[in-house]
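Residues per chain, in single letters:
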Amino acid sequence: MIKLEKLIVTAAVTGGEYVSKETTPYVPSTVDEIVAEVLACVEAGASVVHLHAKDPETGEAYSGDPNPLMREYVERIREETDVIINLTTGGGRVGNPPEVWDRLVEERCKIGTEMMSLNMGTMNRWAEHPTGEIFLNTVSMLERWCGYMVKHGVKPEHEVYDTGMINVCKQIAVKGIVPEPLHVQFVMVGRTGFLPNPRMLQYSVDLLPENWTWSVCALGRNQIPMAAIATVLGGHVRVGFEDNVYLRRGELARSNADLVRKAVNIAKELERPIASPDEAREILELK
Ligand code: KMH
Ligand code: ZN
């Protein structure tokens, strides 16, 4: 039986280290641009927005302490809308050595975000990245960061790139570090992670405990097709510039809201209703 729970659409509007004005001139970069883009995505049907801190001039990942900028995003967005905010922990590391990451993450838990991404394992990077060729997310880091999030009432969004990371999520749950049900996002990046295809998704969903919620984030031209499959299977979806800047082959999307509209229109054709931010809070059991 396909669960017809309302669909949570997440818009990853800013992108991290891989998205700048070089990638697309449409990436929101100043506080005003980011707030406007968030409002456009909410209008289009997004109930969660995922944010990284951006250099206002270049649209590159902000280098230095990202928390003051993220606090400004949160405060400005809160003045305008009740969308769920989901701040990154994978980004925000440029110019910040590992020994300060714990402090930055714990501080970030206290600036009003309801969710934060948490990458459930260390990975090789295939593309040039300002923080080097290893994406460091050790188990001890994850356990500490989950602790901060639980302490400050922030729901982790467990970013899972392969089936091994599903086991890490289960360990986190078994050890009582994060209360169940967990929320998992299958990040179908190809390369060193999940191949973006229906069989891989179904196999991975079947490995999750029944009551956990899950979402799909796929890159480039796979973003919308995998969102469609997740919509049919009863999962939730993430779209937006962080993972894909194209509206269709060869045409840049002028706004993240265009990508939100694509996902929403597919859901409507499939008669899968769209969750409001408050309905999403209920589904995700946000405090
Ligand atoms: N960049 C995405 C594939 C994070 O920001 O911590 C996953 C992500 C992780 O958004
Ligand atoms: Zn991110």
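Placed above this text is the structure.
Rules of the game
- Residues numbered from 1 in each chain as written.
- Chains lettered and ligands numbered in written order.
- Predicted model: local features only at pLDDT ≥ 70, side-chain atom pairs only at ≥ 80, totals over all residues.
- Heavy atoms only, no water.
- 1 Å grid on protein atoms, 1.4 Å probe; cavity = no way out; pocket = protein on both sides within 12 Å on 5 of 7 lines; lining within 4 Å.
- Points joined across faces, edges and corners; volume = space filled by probe spheres on them.
- Helix = DSSP H or I, 4+ residues; strand = E, 2+ residues; numbered from the N terminus.
- Nonpolar A, V, L, I, M, F, W, Y, C, P; charged D, E, K, R; others polar.
- Donors = N, O, S within 2.8 Å, 3.2 Å for Na, K, Ca; no water.
- Buried < 20%, exposed > 50% of the residue type's maximum accessible area, 1.4 Å probe, protein only.
- Expected span 1.5 Å × (residues − 1).
- Contact = heavy atoms within 4.5 Å.
- Polar contact = N/O pair within 3.5 Å; in protein donor to acceptor, adjacent residues only side chain to side chain.
- Pairing = 2+ DSSP bridges.
- Axes fitted to C-alpha atoms, helices over the stretch in contact; angles between N-to-C directions.

Colleague: So what exactly am I meant to see when it comes to the layout of surface pockets here?
Modeller: If you roll a probe as big as a water molecule over the atoms, it shows you where there is empty space left. For the largest pocket, the calculated volume is near 850 Å³. What lines the largest pocket is a set of 39 residues, and nearest its centre among them are Tyr 18, Val 189, Arg 191, Leu 219 and Glu 242. At the level of elements, β4 (115-119), β5 (123-124) and β8 (183-188) are the ones that each hand at least two residues to the lining of the largest pocket. Classifying every residue of the lining of the largest pocket by side-chain character gives 16 nonpolar, 16 polar and seven charged.

Colleague: Please explain the coordination of the zinc ion (ligand 2) as it appears in this structure.
Modeller: Each pair of donors in an ideal octahedron of six around a metal sits at 90 or 180 degrees, and each pair in an ideal tetrahedron of four sits at 109.5 degrees. Binding of the zinc ion (ligand 2) to the protein goes through His 50 (NE2), His 52 (NE2) and Glu 242 (OE), at separations of 2.0 to 2.1 Å. For the zinc ion (ligand 2), the donor residues sit on a single chain with the sequence spacing H-x1-H-x189-E. Here His 50 and His 52 have matching classes, each one buried.

Colleague: Explanation requested: helix α8 (residues 256-269) in the structure shown.
Modeller: Along an α-helix, residues three or four apart share an orientation, since each turn contains 3.6 residues. The end-to-end C-alpha distance of α8 is 20 Å, a good match for the 20 Å that 14 residues give at a rise of 1.5 Å each. Residues Asn 256, Ala 257, Asp 258, Leu 259, Val 260, Ala 263, Val 264 and Ala 267 constitute the buried set of α8. Along its buried surface, α8 packs onto β1 (9-12), α1 (31-44), α7 (223-233), β10 (236-239) and β11 (246-248). Where α8 starts, the residue carrying a side-chain oxygen 2.8 Å from the main-chain nitrogen of Ala 257 turns out to be Ser 255. Directly after α8, the chain includes Glu 271, whose backbone phi takes a positive value near 55°.

Colleague: Looking at this structure, I do not really get the environment of Ile 172. What am I missing?
Modeller: Within the element layout of this structure, Ile 172 appears in helix α5 (residues 163-174). When the C-alpha positions of Ile 172 and Glu 143 are compared, they lie 7.3 Å apart, and in sequence the two are 29 residues distant. Dropping the residues within four chain positions of it, Ile 172 is found in contact with Met 120, Glu 143, Cys 146, His 158, Ile 177 and Val 178.

Colleague: Looking at this structure, I do not really get the sheet that holds strand β3 (residues 84-87). What am I missing?
Modeller: Strand pairing in a sheet relies on backbone hydrogen bonds. The paired strands run either parallel or antiparallel. Around the barrel, eight strands lie side by side as β1-β2-β3-β4-β7-β8-β9-β10; this closed barrel has parallel pairing. With strand direction ignored, the average angle separating the axes of adjacent strands in the sheet is 25°. In the packing of α5 onto the sheet, contacts are made with β7 (155-160) and β8, and the angle to β7 comes to roughly 155°. Against the sheet, helix α6 (residues 198-206) makes contact with β8 and β9 (213-218), and its axis sits at roughly 155° relative to β8, the strand it touches most.

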